[in-house]
Every structure is written in C-alpha cells, then in structure tokens.
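A closer look at the structure
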Amino acid sequence: GRGQWILVIDVRSRYALGHALHSANVYNMRMVRSLLLRVHDAYGLPDSLLLERGMWRTAKIMKGDELDITHTEQGLREFGVSFHHRTKPRGKIIERVIGLLQNQMERVPGYVGRNERDDRQERVQEQIRDVEAGREHPSKYFLSKTEWMQQLDAMLLRYNHEAQDGILKASPIESWNANLLTQGTVKLGPKARYLLAHHKISVKVQPSGIRLRASLGGGLYY
C-alpha cells in the first residue's frame, strides 16, 4: 500500500544527500534518525539542521514509546550543530526539490498524482481494486519496495547531475563540490557516534535483568 519517503538535502547546493523509504503509512523518529545517521557516516556533521514541521521536537520514536527525543539534539549541540524547525511553506526549501523529483515519478507504475485524494487516477484505482480483490498479483501493476528504492536511487542520481532550472545554473553535485569545506567536516568516532542514534527509556530492573519490548529490538540484558 502507501508508504512514506523522506529526503535529506544540502540547503546551499540542493544536493540530495540521502533518502529512506518506509513501508508503513506514517514515518517515525526511528526512521528519521536512522537516515540522519547514514548521512553523517557519508558526509559528516552539518553546521545546522533544518527540520520540517518541528517533528524532531514533538515526535516519539514509535507510538506508545516513552522516549525523549531531545537527548540527541542536546548532544549534537555540543558539537556546534544548531537546530531550526520550519513550519511555514517559505521555510520548506526541500519541498521545491521534492517537486522536481515528483516530475520524474509521473511515469512510474502506480503514480496517483500529487494530491491523491482529489486527483483520483481512475486507471490506478481500478488496478488497486483488482489487487485487493485478489484478481491480480500486485507485481502486475506496482513496484516492490526494492524496485521502488532502485527507481528512487536512479531519480536522485539523475537530479543531482542535472542543472535545475529556477534553482541553480550548475547541477547540485557541481555546486556541492564547489562549496566543500577545505578543512572537511566533523565525523563522530565510535565513542560519540551514539549521540546520533541513542535514546532513553525507563525500565524496571527485575532479578533476571532488563527485558526490552519487541518494538525496541527485544532481548534480555543482565
């Protein structure tokens, strides 16, 4: 069914740094932080993070989990990373990039328009009904998650290497390379990398140890 796709870009060059595709119909903070961790491993820490809708402030890692997201933000501030939360359209620079990428998605199987509720692409709706009724296998009309990731990888590669009208005269990757810091970027070593991925939760210590719930990976710890 409907999944969630999130993207990380460099604001200055509009270069796409990484993306993640989630099978559920809502994303969670585990998905967001996992993507930020992969981007850090490839490119290092940014000077600042611009996050949409203030999701870092308000979201929990998973519904029902009592986790304090702010611990990660506080830890990263020690390395000079500033946080900015955008809620108004003019602050959502990434939306322009997503719009350009959506132009490429129009020819992908299963495309239902930019406003699914109003566009109601009848041909695709009929295909969905055939699949839900068991008359056709999903692969006849739609992409698997692996196939979708391959398509998205190709779209981002094409986007990064093409000059984008209305945004930059150079391609995003050319602009990115032209503005690389001579001193490089900071990468957290093994002892500090946890600041990008850790979280805290209160658990009662039993005589047999500490058992984590399945949503946190499960397991018994002594």
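Residues numbered from 1 in each chain as written. Predicted model: local features only at pLDDT ≥ 70, side-chain atom pairs only at ≥ 80, totals over all residues. Heavy atoms only, no water.

**Some points on the nonpolar core**
To keep things clear, this is the line we draw: Grouping buried Ala, Val, Leu, Ile, Met, Phe, Trp, Tyr and Cys residues that are joined through side-chain atoms within 4.5 Å yields what is termed a nonpolar core. Here's how the labels work: a residue is buried when its accessible area is under 20% of the maximum for its type, exposed when over 50%, partly exposed in between, all with a 1.4 Å probe on protein chains only. A run of H or I in DSSP counts as a helix once it spans at least four residues, and a run of E counts as a strand once it spans at least two, with each numbered from the N terminus.
Counting 24 residues, the largest nonpolar core has Leu-76 and Leu-188 as the members making the most contacts within it. Put simply, the parts of the chain that give this core at least two residues each are strand 1 (4-9), strand 2 (16-22), helix 1 (29-43), strand 3 (48-52) and helix 8 (172-178). If one sorts the elements of this core by residue count, helix 1 sits on top with 7 residues. Counting residues in each nonpolar core, the second largest holds 15 residues, with Leu-21, Ile-93, Ile-94 and Met-155 among its members.

**Quick notes on the packing of aromatic side chains**
Cut-off, in case you're wondering: Two aromatic rings from Phe, Tyr or Trp, using only the six-membered ring of Trp, form a pair when their centres are within 6.5 Å; if the ring planes differ by under 30 degrees the pair is stacked, by over 60 it is edge-to-face, and anything between is tilted.
Counting across every chain of the model gives 4 aromatic pairs. Plain terms: the ring middles of Tyr-15 and Trp-176 are 5.3 Å apart, the flat faces sit at 25° to each other, and that makes the pair stacked. Within this pair, whereas Tyr-15 is found in the loop between strand 1 and strand 2, its partner Trp-176 is found in helix 8, the two being separated by 161 residues in sequence. Of the two residues, Tyr-15 and Trp-176, neither departs from the other in class, the shared state being buried. Judged by centre distance (5.4 Å) and plane angle (80°), the rings of Tyr-43 and Trp-176 are edge-to-face. Here the residue Tyr-43 occupies a position in helix 1, and Trp-176 occupies one in helix 8, the gap between them amounting to 133 residues.

**With respect to the pairing of strand 1**
Test applied: Strands pair, by our definition, only if DSSP identifies at least two bridges between them.
Burial of strand 1 is extensive: 5 of the 6 residues sit out of reach of the surface. Note: strand 1 against strand 2, 6 bridges, orientation antiparallel. By the bridge assignment, Ile-9 is partnered in strand 2 with Ala-16. Where strand 1 hands over to strand 2, the hairpin turn is made up of 6 residues, of which Arg-14 adopts a positive phi near 65°.

**Describing the environment of Leu-21**
For the record, the criterion: Here, two residues are considered to be in contact whenever any of their heavy atoms come within 4.5 Å of each other.
Among the structural elements, Leu-21 can be located in strand 2. Put simply, Leu-21 and Leu-35 are 14 residues apart on the chain and 9.8 Å apart in space, counted from C-alpha to C-alpha. Contacts of Leu-21, omitting those with residues within four sequence positions, involve Gln-4, Trp-5, Met-31, Lys-145, Trp-148, Met-149 and Leu-152.

**Some points on the environment of Gln-4**
Inspection of the secondary structure assignment puts Gln-4 in strand 1. Residues Gln-4 and Ser-23, spaced 19 residues apart in sequence, show a C-alpha to C-alpha distance of 6.6 Å.

**A word on the pattern of salt bridges**
Charged atoms that come close allow side chains of opposite charge to pair. The following threshold applies: Whenever a carboxyl oxygen of Asp or Glu lies within 4 Å of a side-chain nitrogen of Lys or Arg, that contact is scored as a salt bridge.
In the structure shown here, the tally under the stated rule is 2 salt bridges. When the shortest N-O distance is used, the salt bridge between Asp-130 and Arg-135 registers 2.8 Å. Classification of Arg-135 as exposed rests on a relative accessible area of 54%.

**Quick notes on the packing of helix 4 (residues 93-105) against helix 7 (residues 145-161)**
To be explicit about the condition: For helices, the axis comes from a line fit to the C-alpha atoms of the stretch in contact; other axes are also lines fit to C-alpha atoms, and the angle between any two N-to-C directions lies between 0 and 180 degrees. Orientation labels follow simple angle bins: below 35 degrees gives roughly parallel, above 145 gives roughly antiparallel, 65 to 115 gives roughly perpendicular, and whatever is left gives oblique. When the near helix sits turned anticlockwise from the far one by under a right angle, the crossing is termed left-handed; a clockwise turn instead gives a right-handed crossing. Residues are grouped as follows: nonpolar covers Ala, Val, Leu, Ile, Met, Phe, Trp, Tyr, Cys and Pro; charged covers Asp, Glu, Lys and Arg; every other residue, Gly included, is treated as polar.
At a closest axis distance of 10 Å, the pairing of helix 4 and helix 7 adopts a crossing angle of 120°. Taken together, helix 4 and helix 7 sit at an angle that is classed as oblique. The two elements helix 4 and helix 7 meet at a crossing, and its hand is right-handed. Residues Val-97, Leu-100, Leu-101, Gln-104 and Met-105 of helix 4 form the contact with helix 7, whose own contacting residues are Trp-148, Leu-152, Met-155, Leu-156, Arg-158 and Tyr-159. Its residues placed into classes, the contact of helix 4 with helix 7 shows 9 nonpolar, 1 polar and 1 charged.

**Section: helix 7**
Here is the rule: What a helix is expected to span follows from its residue count: subtract one and scale by 1.5 Å.
Look at helix 7: 24 Å from first C-alpha to last across 17 residues, which is about the 24 Å you get at 1.5 Å a residue. Among the structural elements, strand 1, strand 2, helix 4 and helix 8 are those in contact with the buried residues of helix 7.

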